[in-house]
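Here is how the chains run, residue by residue.
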Amino acid sequence: MTAATSTASPRPSVAARYYELCKPGVVALIVFTAVVGMLLASPGWIELPLLLSATLGIGLSSASAAAINHLLDRRIDQQMDRTRNRPLARGDLGARQVLTFALILGLLGLGLLVWQVNLLTAVLTGISLIGYAIIYTVYLKRATPQNIVIGGAAGAAPPLLGWVAVTGQLDPPAFILFLIIFVWTPPHFWALAIFRRNDYAAVGMPMLPVTHGVPYTRWQILFYTVLLVLVTMLPYLIGMSGLFYLGGALVLGIGFLYYALRLMVDETPGLPMRMFGYSIWYLMALFAFLLIDHYLPDSTPLLSGPML
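Since the model is a prediction, treat every value here as computed from it, not as a measurement.

Topic: the confidence of the model for the protein
- The predicted model of the protein has a mean per-residue pLDDT of 90, with 93% of residues at 70 or higher.
- Per-residue pLDDT stays below 50 along residues 1-8; that stretch engages in 1 contact with residues further than four places along the chain or on separate chains.
- Note that pLDDT drops below 50 for residues 301-306; the model gives that stretch 9 contacts with residues more than four away or on any other chain.

Here's what the structure looks like:
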């Protein structure tokens, strides 16, 4: 046995390959924000069967979209350092296997939502699946440097889906939850795009740092970060959340602004990835503050009376 073979990493199991197709880290964040949307939509606790069915249905649908993304991006994935070890790109799975797996997950997820939750949640989830897996992956990603802004609508849907799963209708607070993630997405992703701009340039992907340069992208990150801090004040301003959430949102927003401002003047190569990592923890913590505030008995909103 040669040294090369003795130190080589073992091939992942079949189950691990399919699990990786689902982008579990991304799906976990999607599911978490969806669950928060469900709990915020209810004045008390949700019935467990509804909570489990909605969570599983949204999670399976999100995993289906992730697998379809792997399938449609397999050729460019093979050329990029960040993605060349994905199961389909490295040849661990075939295109037909991935398509079958994605269709099964999607049908199970949407079917469960229709059967156990409500039709509107299933329809909106299906639109989000198509928006990310087809419209964004096939067209927007390759058509415009504003791809992540326009395509961010699909990724911003989970808390809205969670809200609709409980209420059966679209209410203003649900759109505010949607808006928070929609505005969060560009600075979150553009930080990664700055770090990986050479990869995107090599495959002809018109990401903003490639088409407009890094300095311009930094300004856009700063603009969207300021907008994000303002948007995260809305739950407090409409009486949806109280002072506990407001304090948490302000502290988290200061941290985000720190990274955005530092990115304007600091050329440290690893800084964009540190901002990218912070942005993930930021969103999780922000929604955690929303959730905790919702169940605090002494939460004091600015506006009295029902939510707008």
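A short note on the packing of helix H10 (residues 172-195) against helix H13 (residues 214-231)
- The interhelical angle for the contact between H10 and H13, taken along N-to-C directions, is 155 degrees, at an axis separation of 9 Å. On the basis of their axis angle, the class for H10 and H13 is roughly antiparallel. Relative to H13, the crossing made by H10 is left-handed. Listed contacts from H13 to Leu 179, Ile 180, Val 183, Trp 184, Pro 186, Pro 187, Trp 190, Ala 191 and Ile 194 of H10 are Val 214, Thr 217, Arg 218, Gln 220, Ile 221, Tyr 224, Thr 225, Leu 227, Leu 228 and Val 231.
- Here the contact of H10 with H13 is composed, by residue class, of 15 nonpolar, 3 polar and 1 charged.

Notes on H13
- The first and last C-alpha atoms of H13 sit 25 Å apart over 18 residues, in line with the 26 Å expected at 1.5 Å per residue.
- Among all positions in H13, only Val 214, Thr 217, Arg 218, Gln 220, Ile 221, Leu 222, Tyr 224, Thr 225, Leu 228, Val 229 and Val 231 are buried.

Quick look at the layout of surface pockets
- Considering only enclosed or pocket space, the second largest pocket measures out at about 230 Å³ in volume.
- Lining the second largest pocket are 15 residues, with Ile 127, Ser 128, Ala 153, Ala 154 and Ala 157 positioned closest to its centre.
- Elements supplying a minimum of two residues to the lining of the second largest pocket: helix H7 (119-143), helix H8 (147-155), helix H9 (158-167) and H10.
- Residue contributions to the lining of the second largest pocket peak at 6 residues, all from H7.
- Classifying every residue of the lining of the second largest pocket by side-chain character gives 12 nonpolar, 3 polar and no charged.

Structural notes on helix H3 (residues 24-40)
- The end-to-end C-alpha distance of H3, which contains 17 residues, comes to 24 Å, matching closely the 24 Å that a straight helix rising 1.5 Å per residue would cover.
- Listed in full, the buried residues belonging to H3 are Val 27, Leu 29, Ile 30, Val 31, Thr 33, Ala 34, Val 36, Gly 37, Met 38, Leu 39 and Leu 40.
- Buried positions along H3 lie against helix H4 (48-72), H9, H10 and helix H16 (271-295).

Structural notes on the packing of aromatic side chains
- The tally for this structure, following the rule as stated, stands at 13 aromatic pairs.
- Each ring, one from Phe 256 and one from Tyr 282, has its centre 4.9 Å from the other, and the planes form 85 degrees; the classification is edge-to-face. Of the two residues, Phe 256 is situated in helix H15 (residues 243-265) and Tyr 282 in helix H16; the sequence distance between them amounts to 26 residues.
- Given the relative accessible area of 0%, Tyr 282 is considered buried.
- Ring pairing ties together the aromatic residues Phe 256, Tyr 258, Tyr 259, Tyr 278 and Tyr 282, which thus form one cluster.

Observations concerning the side chain of His 70
- Mapped onto the elements of the fold, His 70 is located in helix H4.
- The buried category is assigned to His 70, whose relative accessible area is 2%.
- When sequence neighbours within four positions are dropped, the list of residues in contact with His 70 reads Glu 20, Leu 21, Lys 23, Asp 77, Arg 86, Pro 87 and Leu 88.

What counts and what doesn't
- Residues numbered from 1 in each chain as written.
- Predicted model: local features only at pLDDT ≥ 70, side-chain atom pairs only at ≥ 80, totals over all residues.
- Heavy atoms only, no water.
- pLDDT = per-residue confidence, 0-100.
- Contact = heavy atoms within 4.5 Å.
- Axes fitted to C-alpha atoms, helices over the stretch in contact; angles between N-to-C directions.
- Helix = DSSP H or I, 4+ residues; strand = E, 2+ residues; numbered from the N terminus.
- Parallel < 35°, antiparallel > 145°, perpendicular 65-115°, else oblique.
- Left-handed = near helix turned anticlockwise from the far one by under 90°.
- Nonpolar A, V, L, I, M, F, W, Y, C, P; charged D, E, K, R; others polar.
- Expected span 1.5 Å × (residues − 1).
- Buried < 20%, exposed > 50% of the residue type's maximum accessible area, 1.4 Å probe, protein only.
- 1 Å grid on protein atoms, 1.4 Å probe; cavity = no way out; pocket = protein on both sides within 12 Å on 5 of 7 lines; lining within 4 Å.
- Points joined across faces, edges and corners; volume = space filled by probe spheres on them.
- Phe/Tyr/Trp six-rings, centres within 6.5 Å; stacked < 30°, edge-to-face > 60°.

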